[in-house]
Each structure stands twice: as C-alpha cells, then as structure tokens.
Amino acid sequence: MTEFVAADAGIASIAKPATKPARPHFSSGPCAKPPGWDASKLAVEVLGRSHRSKLGKARLQYAIDLMREMLNLPDTHRIGIVPGSDTGAFEMAMWTMLGARGVTTLAWESFGEGWVTDAVKQLKLDPTVIRADYGQLPDLTQIDWSTDVLFTWNGTTSGVRVPDGEWIPADREGLTFADSTSAVFAYDLPWDKIDVATFSWQKVLGGEGGHGVLILGPRAVERLEAYTPAWPLPKVFRLMAKGKLAEGVFKGETINTPSMLAVEDAIFALEWAKGLGGLDGLIARSNANAAALQKLVAERDWLGNLAADESIRSTTSVCLTVEGADEAFIKTFAALLEKEHAAYDVAGYRDAPAGLRIWCGATVDTADIEALGPWLDWAYVTAKAG
C-alpha cells in the first residue's frame, strides 16, 4: 500500500516500480490477445479464397463448431457469424424480432441505454424502461414477462452483471434478448433462459473486431418464422428466406463477406481455449484475474469498486472508483501508465463516472494484474503531485 506524508506537507513522491506487466493490455475491447499469440501462427491457406469456397465455408463452420463446443451450447440453439460486431448482432435481433408484443428494456449502463434509444427512436416502439444508476442493477422483480426483455448480461461500461439466470422464469411469454459480449466465455450461462444472445470475438477471446455472433434458441426461431416486422430490413439484417429461417447463416454461409483473417484469429483463440479445458478453464482464468485485482483494491484505501455489491460485480470488465478523481485526473492517470508501457487503455468509459476499468478476461495473465498494483500507486501519486 502506498504511504503518503501528511496533507499539509504536500504529496509524497514515489519511485517507478522495477517490474512492469509483461503484457500491459488491459483494454475492455478489443482485449488482450491470448497468451502465446503471434500473427505468424495463424492459418492462412484460406486467405485470398472465396468465403463461399469449400475451404472458406469449412473454416467458418469449424469456427461455429468450436464456439458450440467451448460454450457447451445445446443443439437447440443456432450460432451464426454476422456483420457489425456485437452491436450488429444485437441490432439484427431487435430489427427482425421486436414488435410482435410489448417490450421491456433494462438499462444500467451506456450500451443498455443504446438499445433503449434504438427501440424508441428507430423502431418507434414504446418500451417499458427499467433503469438503474452506474454501479447498480435495476429491480428485476418489476419485469413483465409477457413482454420481450432486452438487457446486457454483463455491463461492460459499468462493471455490473446480472447474478445468474434465476430471475428469468421458465414459463415466460416473451423472448429474452441478452447482450452478452463481456459475459460469453467468462460465465456458465443458462442457455435455457436465453432466447437470443449476442457477442463478439474481441472480448473474452481477444479476437479481432468487425464480426458479431448471434445465438438463437428455438423460441427465437419460432418468432422469426411466425412474425414479419412492419419496417423494412436492410440486407445485412435478413435472416429469413421464402418464409423460413435462412439456415445457411448458421452453417458458415455468412450474409456478407467476412474477414477470413479475423475468422482464423478467432479459431486460434478457440483452439487455445480448448487447450485450457474449454469453458471451465476460461472461467477459472477470469476468476483468478478478478480475485487478484480485488486484492489490489482491498490494499488501497483510495481505490474502490463502482459495483459495491459483489454478487453483481463483473469478473471481466471491472470498473473502479478513484478517490477524489475527476475526468481530467483519470485522463492524466491513464496517460502516465501508457507512456511507461505499464498499462494501456485503463480509463473508464467516456459516459461512465470517472474511474478506471481493468479487463480481467481469460486472455489476461494473473501475474500481469499483480504487477499492475505498484504502477497504480505510482500513477496515483504522480498525478496527485502534478
């Protein structure tokens, strides 16, 4: 723990720590690459080939098969690779399935608020909005389950997650739409409670951006085949063909041209995950990283958690408060660490309360979290002195 001189004597100085994190990549997206990653290790045979060639479709299907295996996803759920990262995948789900019944949106951070905006201003719906401040979770008992329910499983910008799936009833009438981009591969998700899930490779897998993943349960497929929305759909959102689900989307036949280099990068991460023991191994790494970070927080009276309730605190995008800090202070703090190559991209999200955000997903090494502690002390003291 950093020691300071008395307040009236000024701020104490502190020497730069001798050891830096070996990989100072703590960004919450795109996130750290898997340990041992190198571009030269990616398979490149498919580059320069059509994604619709036999080889191209085989690699896309292999990525889908690996995701299913790593997530322990039941055969009842389909997996599709779609454009536009997690945002594109979630927008696709909203535009193709909402409007059949009432809508409830849960918002406790910026991305949840984004779905509220799109539901109201773009789709012209009149959703029930249940909100909570950053660091808190809305009252989940207020939800009307005759409506479709939109929520983020793990709020990347607030560090707040839903505790489990027990709050979702098995006999719900509406569909659940779970933006799960900072949760997939970090938690053991209850797939029987999720009708639509979206994520991107750039979070827990440390993959490249640009592509989203859409997971549909059987009730979502029923909705698609029974309901046609009133608004026109852009080509990149269309999941139906001749009144039936376009099954090819879930067999590697993407709607538009994907980056096969990004696909190979995701395959590398998925094979790495398989070598860890699959989902259990990924969860164990995330949990170890989050525990190491919480130890650092407990040792410093100037650090705290934006999510005070541990039961709803993220183990991936951990958001921290800094005593007395405003936006300018955090900007200086993060810039000091980046200049020393001790930590990259640790400032909180621009719309969130001023603070730090440390990614603790599986691709981060626990030793690097541990090595970060003295550098946080140095940056805090240096920023205070400045």
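Residues numbered from 1 in each chain as written. Predicted model: local features only at pLDDT ≥ 70, side-chain atom pairs only at ≥ 80, totals over all residues. Heavy atoms only, no water.

Quick look at the confidence of the model for the chain now. Detailed reading of predicted coordinates is not advised where the pLDDT is low. Averaged over all residues, the pLDDT of the chain is 95; the fraction at 70 or higher stands at 97%. Here residues 1-10 is a poorly scored stretch, pLDDT under 50, and it has twelve contacts once near neighbours within four places are set aside; other chains count. (pLDDT = per-residue confidence, 0-100. Contact = heavy atoms within 4.5 Å.)

According to the stated counting rule, one finds twelve aromatic pairs in the structure shown. Their ring planes at 45° and their centres at 5.7 Å tell us that Phe 151 and Trp 153 sit as a pair that is tilted. Ring geometry for Trp 302 versus Tyr 380: centroids 4.0 Å apart, planes at 10°, classification stacked. Of this pair, Trp 302 sits in the loop between α6 (279-298) and β12 (303-305) while Tyr 380 sits in helix α8 (residues 366-385), placing them 78 residues apart in sequence. Given a relative accessible area of 4%, Tyr 380 falls into the buried group. Chaining the aromatic ring pairs together yields one cluster made of Trp 145, Phe 151, Trp 153 and Trp 167. The positively charged end of Lys 33 is found above the aromatic ring belonging to Trp 37, 4.9 Å away from the centroid. Positioned above the aromatic ring of Phe 329 is the side chain of Lys 384, whose terminal nitrogen or guanidinium carbon lies 6.0 Å from the ring centre. (Phe/Tyr/Trp six-rings, centres within 6.5 Å; stacked < 30°, edge-to-face > 60°. Helix = DSSP H or I, 4+ residues; strand = E, 2+ residues; numbered from the N terminus. Buried < 20%, exposed > 50% of the residue type's maximum accessible area, 1.4 Å probe, protein only. Lys NZ or Arg CZ within 6 Å of the ring centre and 35° of its normal.)

Attention now moves to the pattern of salt bridges. Counted by the stated rule, this structure contains 16 salt bridges. For Glu 299, the salt bridge goes to Lys 295, with nearest N and O atoms at 2.6 Å. Taken together, the salt bridges that share partners define one network made up of Lys 295, Glu 299, Arg 300 and Asp 377. (Salt bridge = Lys/Arg side-chain N within 4 Å of Asp/Glu carboxyl O.)

Taken as a whole and assessed by the stated rule, the structure comprises two cavities of 30 Å³ or more. Roughly 70 Å³ of internal volume is contained in the largest cavity. Taken together, Thr 157, Leu 306, Cys 319, Leu 320, Thr 321, Gly 348, Tyr 349, Ala 352, Pro 353, Ala 354, Gly 355 and Leu 356 make up the full set of residues lining the largest cavity. It is strand β13 (residues 317-322) that contributes the most residues to the lining of the largest cavity, three residues altogether. Of the volumes computed, that of the second largest cavity is approximately 30 Å³. Leu 71, Ala 183, Val 184, Phe 185, Tyr 187, Leu 189, Trp 191 and Leu 279 together form the lining of the second largest cavity. For the lining of the second largest cavity, the per-class residue count stands at eight nonpolar, no polar and no charged. (1 Å grid on protein atoms, 1.4 Å probe; cavity = no way out; pocket = protein on both sides within 12 Å on 5 of 7 lines; lining within 4 Å. Points joined across faces, edges and corners; volume = space filled by probe spheres on them. Nonpolar A, V, L, I, M, F, W, Y, C, P; charged D, E, K, R; others polar.)

Here helix α5 (residues 260-275) spans 22 Å end to end across 16 residues, near enough to the 22 Å set by a 1.5 Å rise per residue. Of all 16 residues making up α5, twelve are buried, and the element is well covered by its neighbours. Buried residues of α5: Met 260, Ala 262, Val 263, Glu 264, Asp 265, Ala 266, Ile 267, Phe 268, Ala 269, Leu 270, Trp 272 and Ala 273, and no others. In this fold, the buried residues of α5 make contact with α1 (54-71), β9 (211-216) and α6. A positive phi of about 105° marks Gly 277, the residue just after α5. (Expected span 1.5 Å × (residues − 1).)

Our focus in this paragraph is the sheet that holds strand β1 (residues 78-83). Each strand in a sheet pairs with its neighbour through backbone hydrogen bonds, running either in the same direction (parallel) or in the opposite one (antiparallel). With mixed pairing, the seven strands of this open sheet are ordered in space as β1-β9-β8-β7-β4-β2-β3. This sheet does not close on itself; its edge strands, each paired only once, are β1 and β3 (128-131). Direction aside, the axes of adjacent strands within the sheet are offset by 20° on average. Here strand β7 (residues 176-179) runs beside strand β8 (residues 196-200); their pairing, made up of three bridges, is parallel. Residue pairing in the sheet places Asp 179 in a bridge with Thr 198 of β8. Against the sheet, α1 contacts β1, β8 and β9, and its axis sits at roughly 125° relative to β1. (Pairing = 2+ DSSP bridges. Axes fitted to C-alpha atoms, helices over the stretch in contact; angles between N-to-C directions.)

Following the sequence through the fold, Asp 195 ends up in the loop between β7 and β8. Accessibility expressed as a relative area gives 3% for Asp 195, which makes it buried. Separated by 3.1 Å, the side chains of Asp 195 and Arg 172 make a polar contact. (Polar contact = N/O pair within 3.5 Å; in protein donor to acceptor, adjacent residues only side chain to side chain.)

This paragraph deals with the state of the cysteines. Under the defined criterion, the tally for this structure stands at zero disulfides. The cysteine Cys 31 is free of any disulfide, with Cys 360 supplying the nearest cysteine sulfur at 10 Å. (Disulfide = S-S within 2.5 Å.)

Further remarks concern the layout of surface pockets. Volume-wise, the largest pocket comes out at about 330 Å³. For the largest pocket, the lining is made up of 23 residues, of which Ser 28, Phe 111, Thr 156, Gln 202 and Lys 203 are closest to its centre. Of all the elements in the fold, those that place two or more residues in the lining of the largest pocket are α2 (85-97) and β5 (154-155). For the lining of the largest pocket, the leading source of residues is α2, giving three residues.

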